[in-house]
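Spelled out, the chains give:
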Amino acid sequence: MISKEDMIKRFVSYVTVDTESDPESDTTPSTAKQWDLANALVEELKAIGMSEVSIDDNAYIMASLPSNVDHEVPTIGFISHFDTTPDFTGANVNPQIIEAYDGKDILLNAKENIILSPNYFEDLLLYKGQTLITTDGTTLLGADDKAGIAEIISAMEYLIKHPEIKHGKIRVGFTPDEEIGRGAHKFDVQKFGADWAYTMDGSQIGELEYENFNAAGAKVTVKGKIVHPGYAKGKMVNSMYIATEFINALPRMETPEHTEGYQGFFHLHHMEGKVEETTLQYIIRDHDKDHFEARKEAMLKLTNEINNQYNKDVVHIEIKDQYFNMKEKVEPVMHIVDIAEEAMKSLDIEPLIKPIRGGTDGSQLSYIGLPCPNIFAGGHNFHGRYEYVPVESMIKATEVICKIAELTAEKAK
């Protein structure tokens, strides 16, 4: 399989290119700098010998590895995204290579005393003795999801160099703007032409996911009235106080920091307020469709209750669905999950089948005709300065891709 040195070199070449996406932009990709890596990936796919390499006007990349067997095999796909989250800077990423990790604290940045510690991030101890790639404490790393891209390209290169591994036609796809919820919006499923696909966008080694949140966003706008505070009695309406009532009326323990597993939540992620107007930005999440609808209804009901309390229309709410649980679309074709599980077990990887507490391109792709479970890419602590990825996990993910391709061809005989 690919050497550790080659994997590190490939991955570092990706993460040192800034591809941060921008939710305020109307273009696709949302930032021009995403083209820098997209164009480089196109050239790399051509260089390793892939066919049908294309990039469209929105920077969606597709390529093919032709079948090397005589019998008919379903066409499968592997997909990752090349943008990084706007939650934390992805500019000037300076990866640190930690050889033979000793299980102790890792000093990411001496100047700012930023430490990656197993006392806080216990998962680090799973990788004692392995090679870790970390940040320098001032940026994110970008393993979400440049690790997935490195794994897919490495797997395709390996299969090209080892034609004794039999496989059907394989399609690969790399997308912009996944981190701002648009990765699948302009993905041409018909052009991609796969029977099913896998996103390489999970975290810990062994993760295999075909359930994700139902998701919506809510914008709450509270209107007030500004009057000189010295003459405000009976006249001023302070929108920030009313907004606080709204916040406190929602279940305090149904927030991300108090939930896990299949438990849903309301998450207030942004607020901006003045006396005259306050805005609250929420995301609403739940795996269960009925519970999801009940959460949206609860916010609408609360809006009406507060308006009735003040006998005026002071609170406005706008709720927009974002994506839905892919389970509904994957369960009818569960053999695609079974193949991935079998591939992991054959490589002595313990499958960790669990729901995604989030979403991937795969959730949206599943609803537009491309069933698409999610497989680990190896990274941890995404979207921040403590992000890291074990190189050995990336190599294992590459092996899983090759094994899925091989098993799909075998089962098609």
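Refer to the structure printed above.
Visitor: An account of the overall build of the protein chain is requested, with residue identities and associated values reported.
Guide: When you go through the protein chain residue by residue, the secondary structure sums to 10 helices and 17 strands. On C-alpha atoms alone, the protein chain measures out to a radius of gyration of 23 Å, which is about the 22 Å that the 2.2 N^0.38 rule sets for 413 residues. In terms of its C-alpha atoms, the protein chain occupies a principal-axis envelope of roughly 85 × 50 × 40 Å. Going through the 413 residues of the protein chain one by one, you find that 54% of them count as buried. In the protein chain, once contacts between residues fewer than 6 apart in sequence are set aside, the share between residues at least 24 apart is 79%.

Visitor: With reference to specific residues and values, describe the sheet that holds strand S10 (residues 207–209).
Guide: Taken in spatial order, the eight strands make up an open sheet running S1-S2-S8-S3-S9-S16-S10-S15, and their pairing is mixed. Looking at which strands have only one partner, the edges of the open sheet turn out to be strand S1 (51–55) and strand S15 (352–353). Bridge count for strand S3 (residues 76–81) against strand S9 (residues 196–202) is four bridges, and the pairing is parallel. The residue bridging Phe-78 from the neighbouring strand is Tyr-198, located in S9. The strands touched by helix H2 (residues 34–48) are S1, strand S2 (61–65) and strand S8 (170–175); relative to S1, the strand with the most contacts, the crossing angle is about 170°. On top of the sheet, helix H3 (residues 143–161) reaches S2, S3, S8, S9 and strand S16 (374–376); it is set at about 145° to S3, its chief contact.

Visitor: Outline the pairing of S8, supporting the account with residue identities and numerical values.
Guide: Here S8 lies mainly inside the structure; six of its six residues are buried. Burial along S8 is two-sided: Ile-170, Val-172 and Phe-174 and Arg-171, Gly-173 and Thr-175, pointing in opposite directions, are all buried. Pairing of S3 with S8 involves six bridges; the strand directions are parallel. When the bridges of S8 are listed, His-81 appears paired with Thr-175.

Visitor: Which residues make up the sheet that holds strand S13 (residues 277–286), and what values go with them?
Guide: Read from one edge to the other, the open sheet built from four strands follows the order S12-S13-S11-S14, with strand pairing classed as antiparallel. The sheet is open, and its two edges are formed by strand S12 (265–273) and strand S14 (315–323), each paired on a single side. This sheet shows a mean twist of 15° between the axes of neighbouring strands, independent of strand direction. Two strands pair when backbone bridges link them, and strand S11 (residues 214–223) and S13 are joined in this way by 10 bridges, in the antiparallel orientation. Bridge pairing in S13 places Gly-217 opposite Ile-283. On top of the sheet, helix H5 (residues 239–249) reaches S11, S12, S13 and S14; it is set at about 15° to S13, its chief contact. The strands that helix H6 (residues 289–310) touches are S11, S12, S13 and S14; relative to S14, the one it contacts most, it runs at about 170°.

Visitor: Describe the pairing of S2, listing the residues and the values that go with them.
Guide: Where a strand is regular, its side chains alternate between the two sheet faces. Taking burial as the measure, the five residues of S2 include five buried ones, the bulk of the element. On S2, burial covers both faces: Ile-61, Ala-63 and Leu-65 on one face and Met-62 and Ser-64 on the other are all buried. The pairing of S1 with S2 spans three bridges and is antiparallel. In the sheet register, Ser-54 faces S2, and the bridge partner there is Met-62. Relative to S8, S2 runs antiparallel, the two being bridged by five bridges.

Visitor: Break down empty space enclosed by the protein for me, citing the residues and quoting the values.
Guide: Summed over all chains, the structure comprises one cavity of 30 Å³ or more. The calculated volume of the largest cavity comes to roughly 30 Å³. Tallied by class, the residues present in the lining of the largest cavity amount to one nonpolar, four polar and three charged.

Visitor: Outline the nonpolar core, listing residues and values.
Guide: Of all hydrophobic cores here, the largest spans 67 residues; its most connected members are Phe-11, Met-156, Ile-375 and Ile-404. With sequence-adjacent residues up to four places away left out, Ile-375 is seen in contact with Tyr-198, Thr-199, Met-200, Asp-201, Gly-202, Glu-207, Leu-208, Ala-340, Met-344, Val-400 and Ile-404. Grouped together as the second largest cluster of nonpolar side chains are 19 residues, Ile-242, Ala-243, Leu-250 and Tyr-282 included.

Visitor: Any chance you could break down the environment of Lys-411 for me, citing the residues and the numbers?
Guide: With respect to the helices and strands, the residue Lys-411 is situated in helix H10 (residues 391–411). By relative accessible area, which is 47% here, Lys-411 ends up partly exposed. As a C-alpha pair, Lys-411 and Gly-264 span 147 residues in sequence and 38 Å in three-dimensional space. With near-sequence residues (within four places) excluded, Lys-411 lies in contact with Ile-339 and Glu-342.

The rules we used
In this numbering scheme, every chain counts its residues from 1 along its sequence in written order. Thresholds applied to this predicted model are a pLDDT of at least 70 for local features of residues and 80 or more for the giving and counting of side-chain atom pairs; totals over whole chains, interfaces and linings are not thresholded and use all residues. Hydrogens are left out, water is left out, and the side-chain values use all remaining heavy atoms of the structure. By the criteria applied, helices consist of DSSP H or I runs no shorter than four residues and strands consist of E runs no shorter than two, each listed in order from the N terminus. Our radius of gyration looks at C-alpha atoms and nothing else; its globule reference is 2.2 Å times the residue count to the power 0.38. To sort residues, take the accessible area from a 1.4 Å probe on protein chains only and compare it with the maximum for the residue type: under 20% means buried, over 50% means exposed, and anything in between is partly exposed. We call two residues in contact whenever any of their non-hydrogen atoms come within 4.5 Å of each other. Pairs of strands are assigned from DSSP output, requiring at least two bridges between the strands. Angular values range over 0 to 180 degrees, each being the angle between N-to-C directions of two axes fitted as lines to C-alpha atoms, with helices fitted over their stretch in contact. Definitions used for this entry: grid spacing 1 Å over protein atoms alone; cavity, a set of points where a 1.4 Å probe fits but cannot get out; pocket, an open set with protein on both sides within 12 Å along at least 5 of 7 lines; lining residue, one with an atom within 4 Å of a point. Grid points are joined across faces, edges and corners, and a volume is the space filled by probe spheres set on the points. Amino acid classes used here: Ala, Val, Leu, Ile, Met, Phe, Trp, Tyr, Cys and Pro are nonpolar; Asp, Glu, Lys and Arg are charged; the rest, including Gly, are polar. Definition used in this section: a nonpolar core is a set of buried Ala, Val, Leu, Ile, Met, Phe, Trp, Tyr and Cys residues joined via side-chain atoms within 4.5 Å.

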